[in-house]
Every structure is written in structure tokens, then in C-alpha cells.
Amino acid sequence: MAVDESLIPEDESARLAAVRRYDILDTPPDGAFERITALAAKHFDVPVAIVSIVDADRIWFKSHHGLDVGETAREPGLCASAILGDRPWVVENAETDPRALANPLVAGEMGLRFYAGAPLTTADGHSLGTLCLIDREPREFSGDQAATLADMAAIVMDELELRIAARRTVDHELTLREQAEQMARALQESLLPPALPRFAGADVAALYQPADAGVVGGDFYDVFEAGESCVLVVGDVSGKGPKAAAVTALARHALRTASLSSRSPADALATLNQAMLIGRHEPRLEHFCTVLVVWASRVADGLALTAAGAGHPPGLIRRAGGSDEWLEPAGPPVGWYPDAVFGERMDRLDKGDALILYTDGITEARTGTGMLGADGLASGLGGVERGTGAEAIVTALRRLAADDGVEVRDDAVALVVEAL
Amino acid sequence: MPEPVRPEGFSVTRATHDGGVVVSLHGEFDIAGIERVEAATAELPPGTQLVLDLGDLQFIDSSGLRTLMNLDLRSRGEGWSLAFSEPQPAVRRLLRLCGFEHRVPLTPG
């Protein structure tokens, strides 16, 4: 429906843009505006007080004290007229006022006689709507009263400004958080192998599940080829955030380099330990790192394993035949003791046997009765048929971590290799 | 999700014998317990024998391990001795895993 052109302000398109900017139309009732209309009705002793917003073809009431109507057409024209000026627009007696005589609110059932509306004017001069008073009796309205109504309208405007400022802050924080998450993801991805390499005789799959998308965790895994071996690494740097990420990057890359020139995984860990201690003084590193490194090399019908450990939870070997065993080399976490010695364990995987390396985010997950634990991990995989591939185990771990009765509180990483 | 089980709590007790200090850890040792263990082991004179009684320790996380590793370093740097006593199997397994058996003697309780 077209609106009478005399009711359209000159700045209408900019004004409507301002109405949109304040994002107030069709929002639920709000205590601040309810209080202002109640206060205005009481102060001026009128039955009805309204905060109205003039939309393109309707007048929407943000608050309507004493009137059971949420919006009206723009056409009757009282609030629409009130926004045309920059001062309160007053009709003291509609029956004798030519500007209001024909208005349906005056002529009709409503029987409006008095109207006073102060425009809600933005800092850049657009009128969004009014704070208006309505009575069924004619009234006199003094210049002082008009000034008070204008002050109350300014309070409504302050409230609208507060809302827009608060929303901007929230939007800004959301943007910042999204940026932080993107950076964390990019950083995290640089700490993990882009794709798992393929090795003859070994089926490899990995699980990586950060506890918080916005924070770079200290858990990592790596898989690469060194000489005749497939090197599998799972580690956990204490702490979180950018500093821990820097230590994680150092650990991962130093271990890659060391593995190429070391005779054994324990040797590689000793080199990594030295690398982490270079330039460190007392007190010790803010961050240390637990690692489990396994060299897997192809032998007839399986994989020969040599594992070296630096304080990391033991690997779980699920034998195709049905038993569970632990691959548990001992040694202190790297980055702590200059004289650290790292222990090794040898083992082998026959066809269908799987080795599961993991971080304590999985075993320290809370269950109804305490922590999942290493044994809980083994029993939690009980339903997975043995010898059905590394991915089946990763899928089961993912399901275990998502279980309603298991609460994973930290990063969870697992690396699985099954002998083909 | 069922209500997660709260850690059982953690407490530290300290007793002095001639020439020795026994600090006992009870419950679950995680990041919340570090300060109490550090306070109980602060300023030990050279020559002191510190026995960390782990008989009642149910669980230790990486923060707790780090505190134990720090005690190990401090004992060497400050000239006192450190021993662990009677850890339960799960804690003992973890201590062994972290290479403590080559660094810190285990004593009977």
C-alpha cells in the first residue's frame, strides 16, 4: 500500500537504512523500553505511552503501555507526522485540530483526542520513530512538558545506541574468535602430516580430535619413512597455546631429522632431547614432551617393531588371535634431563595384529566410575573384529570418545598400524 | 551425559624424623596439587633425606609427574636425597614408564 507522500520524510531511504541498522523491528519486549513507557504514562498522567518505530509501510511498537496493539499502518499518520520534524509534534484537541480531524484513530472507535510524539533522532539526524503519549481527553501540553518528553525520547535513543554498541562488540568478538580458530587450525594442521604415507605391509590410520578448536593443543602424531622403516610417532607436549605449539613443531621436526641419521629410535629420542635442551637454563623448560616412537619394518608375514619411549602411555597391541598386550618402553619425557636415557622394546605384528598409539586425552577421559584408563581403552575396543583394518579401530575410538558415558576433556590423538 | 565423577581430591601430609622428611601424597595428584607439594618440599637443607610416600596416591597426571621430575632435579642441585616409597601398581607403572626407576630409589614404606 502506498503511503501518502506528505508523510514521507526527505531522507526516507537513509532513514529506513538507519532503522535497519538498529535492528530493532520485531524484536521481543525489552525491560528498558517497558520501563520508559510506563514512566512516561505515569509522569504525564496519560493512559497510553508508546515507543514506535516507523517502518516503510507500518508503525511497529517496541513498547506499548496501555494499548493492546503491537503495530499499525503508517497511513493514519500521527507518529508518521511526528517524525517529520525534530521537535515534539503535539495535537492538544484532535476534534478541533485540522491536522488530525480526518484521522481514523480520532474519528473511529479509539476516540483519540490528545497526541504528543517526540522523534527518536539518531546522531546523524534520522528519525527512527517516536516516544508518544495518547489520551482520549483533550489536554494542554506546555513547552516544559514537551521538553521533558524530548528528554525521555533521548533516553530511548541512548538505549537503542547501547544495544547497537553491544551487538557490535559481540559481532567483533565472534569475528576475532573465528580468526583465532582459523589460525589455530592452520597452525595445528602444520603440526600434522598432510596425508598418511603408504607403506608396503602396513595399514595406517590416525585420529586427531582437538579439545577446543580455538586453542592449539600439544598432542601430535607423525608417520614417515626412514631407511627401511616406517616411523610412527605419537607425542604430547605439556601445556597449550602458541608456545606449546612451537615446542610441538620443534619436537616433530627434530625427531624427523634425528630419525634419518639415528641407529635406533632410542638414539633419535636422545638427539631430540638434546635439541630441546639447547639454550635452556634453570628453571627447566616450561614445556616438556612425552613421546612414543616405533620403527616398523617389513619382515616375512608381518612387521618387526622397535619402540622407544619418553614417558608416554604404552602402545596397545591387539593380536589377531584375541589377546591384548602392551608395548611399554620406559624413559623420561624429553626436554627435561640432560642425561636422559631412553629404553627400547622389541616386538612384532603378525598379519592382522594391530598396534594402537594414543595420547592421555583418551585414557584420562572421564567415565561414570572414574577414568577410562589403558584397560578401559582395550575393553572399549572389544567389539571391533580383529584384523579388519586400522580404520575400523579409529572409527571405534571416535565412537568411544563420542559416547555419552565418556567425557574427553583434552586433545585426543591415536595412530593405528595393522600388519597386512 | 552422566555427571562426571569428580576427582577424589588430593591432600599432602608432612612428617619429620631425625635427618629425614616424609611427605605423603593422598588421592589424585593433578595441576591443583602442585603448590601444596612444592610448599611441603620447600627449602630442604643439604643432606636431608626426603621420602615421598606414594602409598595412598591413586592417580598422577602430567602436572604431577613434572613436579616429581622437578624434585628429582632439585635434589641433585641442592644436595639432598630423594626416594619414593610404596607406590600402588598403576602409579608404579607410570613411574617406571617415565624412567624414574633408574633415577629415584624406591624404598619400602
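Cut-offs and rules
Residues numbered from 1 in each chain as written. Chains lettered and ligands numbered in written order. Predicted model: local features only at pLDDT ≥ 70, side-chain atom pairs only at ≥ 80, totals over all residues. Heavy atoms only, no water. Helix = DSSP H or I, 4+ residues; strand = E, 2+ residues; numbered from the N terminus. Buried < 20%, exposed > 50% of the residue type's maximum accessible area, 1.4 Å probe, protein only. Contact = heavy atoms within 4.5 Å. 1 Å grid on protein atoms, 1.4 Å probe; cavity = no way out; pocket = protein on both sides within 12 Å on 5 of 7 lines; lining within 4 Å. Points joined across faces, edges and corners; volume = space filled by probe spheres on them. Nonpolar A, V, L, I, M, F, W, Y, C, P; charged D, E, K, R; others polar. Disulfide = S-S within 2.5 Å. Buried area = accessible area lost by both parts, 1.4 Å probe. Salt bridge = Lys/Arg side-chain N within 4 Å of Asp/Glu carboxyl O. Polar contact = N/O pair within 3.5 Å; in protein donor to acceptor, adjacent residues only side chain to side chain. Phe/Tyr/Trp six-rings, centres within 6.5 Å; stacked < 30°, edge-to-face > 60°. Pairing = 2+ DSSP bridges. Axes fitted to C-alpha atoms, helices over the stretch in contact; angles between N-to-C directions. Arc of directions from axis to C-beta. Core = buried A, V, L, I, M, F, W, Y, C linked by side-chain atoms within 4.5 Å. pLDDT = per-residue confidence, 0-100.

**Notes on the overall build of chain A**
Helices and strands together make up the secondary structure of chain A, namely 10 helices and 18 strands. Sorting the 420 residues of chain A into buried and exposed places 52% on the buried side. Contacts in chain A between residues far apart in sequence, at least 24 positions, make up 68% of those at least 6 positions apart.

**What to know about the layout of surface pockets**
Residue and element names in this part refer to chain A. Estimated volume of the second largest pocket: approximately 240 Å³. For the second largest pocket, the lining is made up of 16 residues, of which Phe61, Leu67, Thr72, Leu105 and Ile134 are closest to its centre. Contributions of two or more residues to the lining of the second largest pocket are made by strand E2 (58-65), strand E3 (71-73) and helix H3 (78-82). Counting residues per element, the lining of the second largest pocket draws most heavily on E3, at three residues. For the lining of the second largest pocket, a count of residues per class yields 13 nonpolar, two polar and one charged.

**Some points on the state of the cysteines**
Residues and elements named next belong to chain A. Here the structure, examined in full by the defined rule, presents zero disulfides over all chains. Here Cys79 is not cross-linked by a disulfide; its sulfur's nearest cysteine counterpart is in Cys132, at 3.8 Å. A relative accessible area of 8% means that Cys79 is categorised as buried.

**Things to note about the interface of chain B and chain A**
On the chain A side, the residues contacting the 22 residues of chain B number 32 residues. In this assembly, chain B packs against chain A so that about 2300 Å² is buried in total across both faces, 57% of it on carbon and sulfur atoms. For chain B, the biggest contributors to the area lost against chain A are Met69, Arg93 and Leu97 of chain B; these three give 27% of the whole. Where chain B packs against chain A, one counts four salt bridges. Among the salt bridges present, the one from Arg93 of chain B reaches Glu328 of chain A, with a minimum N-O distance of 2.7 Å. At the junction of chain B and chain A, the tally comes to six residue pairs in polar contact (both at pLDDT 80 or more). When residues of the side of chain B that touches chain A are traced back to their parent elements, those giving at least two are helix H2 (62-78) and helix H3 (89-97) of chain B.

**Topic: the packing of aromatic side chains**
All names here are of chain A. Across all of its chains, the model carries six aromatic pairs over all chains by this definition. With a centroid separation of 5.6 Å and 55° between ring planes, the pair formed by Phe114 and Phe141 is classed as tilted. Note that Phe114 is positioned in strand E5 (residues 114-121) and Phe141 in the loop between strand E6 (127-135) and helix H5 (143-190), a separation of 27 residues in sequence. Here Phe114 matches Phe141 in class, with each residue buried.

**Topic: the sheet that holds E2 of chain A**
Residue and element names in this part refer to chain A. Taken together, six strands build an open sheet; the order of strands is E3-E2-E1-E6-E5-E4 and the sheet is antiparallel. Unpaired on one side and paired on the other, E3 and strand E4 (89-91) mark the two borders of the sheet. For this sheet, the mean angle separating the axes of adjacent strands, direction not counted, is 25°. Bridge count between E4 and E5: three bridges; the pairing is antiparallel. The partner of Trp89 across the bridge, within E5, is Gly117. Relative to E6, helix H1 (residues 12-22) is tilted by about 85°, and along the sheet it contacts strand E1 (48-54) and E6. Against the sheet, H5 engages E1, E2, E5 and E6, with an angle of about 40° to E5.

**Here we look at the environment of Leu372 of chain A**
Residue and element names in this part refer to chain A. Along the chain, Leu372 falls in the loop between strand E17 (370-371) and helix H9 (373-380). Residue Leu372 is classed as buried on the basis of its relative accessible area, which comes to 15%. For Leu372 and Ile362, which are 10 residues apart along the polypeptide, the C-alpha to C-alpha distance reads 7.5 Å. In this structure Leu372 touches Ile362, Thr363, Ala365, Thr367, Leu377 and Leu400, once residues within four positions along its chain are discounted.

**Some details on H3 of chain B**
All names here are of chain B. Residues of H3 that are buried: Val91, Leu95 and Leu97. Projected onto a plane normal to the axis of H3, the buried residues spread over an arc of 160° and lie on a single side. Of the surrounding secondary structure, the elements contacted by the buried residues of H3 are strand E3 (49-60), H2 and strand E4 (81-85). With its phi angle positive at about 80°, Gly99 sits one or two positions after the end of H3.

**Let's talk about the nonpolar core**
In this structure, Leu232, Leu269 and Val291 of chain A together with Phe100 of chain B are the most contacted members of the largest nonpolar core, which totals 81 residues. Sequence-distant contacts of Val291 of chain A, defined by excluding residues within four places in its chain, comprise Val233, Val234, Gly235, Leu255, Leu269, Leu272, Ala308, Gly309, Ala310, His312 and Val334 of chain A. With 31 residues, the next largest nonpolar core counts Tyr22, Phe44, Phe114 and Leu149 of chain A among its residues.

**Topic: the pattern of salt bridges**
Residues and elements named next belong to chain A. Across all of its chains, the model carries 28 salt bridges over all chains by this definition. Put simply, Asp55 and Arg58 hold a salt bridge, and the shortest N to O gap is 3.0 Å. Considered together, Asp55 and Arg58 belong to a single accessibility category, that of buried residues. Residue Glu181 pairs with Arg177 through a salt bridge whose shortest N-O separation is 3.4 Å. Here Glu181 and its partner Arg177 are both found in helix H5, four residues apart, which amounts to about one turn of the helix. The class for Arg177 is partly exposed, based on a relative accessible area of 44%.

**Considering the confidence of the model for chain A**
Low-confidence regions, as indicated by low pLDDT, have predicted coordinates that should not be scrutinised in detail. Residues with a pLDDT of 70 or more make up 97% of chain A, whose mean pLDDT is 88. Taken element by element, chain A is modelled with least confidence in helix H4 (residues 104-107) of chain A, mean pLDDT 77, and with most confidence in strand E15 (residues 354-358) of chain A, mean pLDDT 97.

**So, the pairing of strand E8 (residues 219-226) of chain A**
Residue and element names in this part refer to chain A. With seven of its eight residues buried, E8 lies for the most part within the structure. Two elements, E8 and strand E9 (residues 229-237), share eight bridges in a ladder whose sense is antiparallel. Bridge pairing in E9 places Asp222 opposite Val233. Linking E8 back to E9 in an antiparallel pair, the connection comprises two residues, with Gly227 at a positive phi of about 60°.

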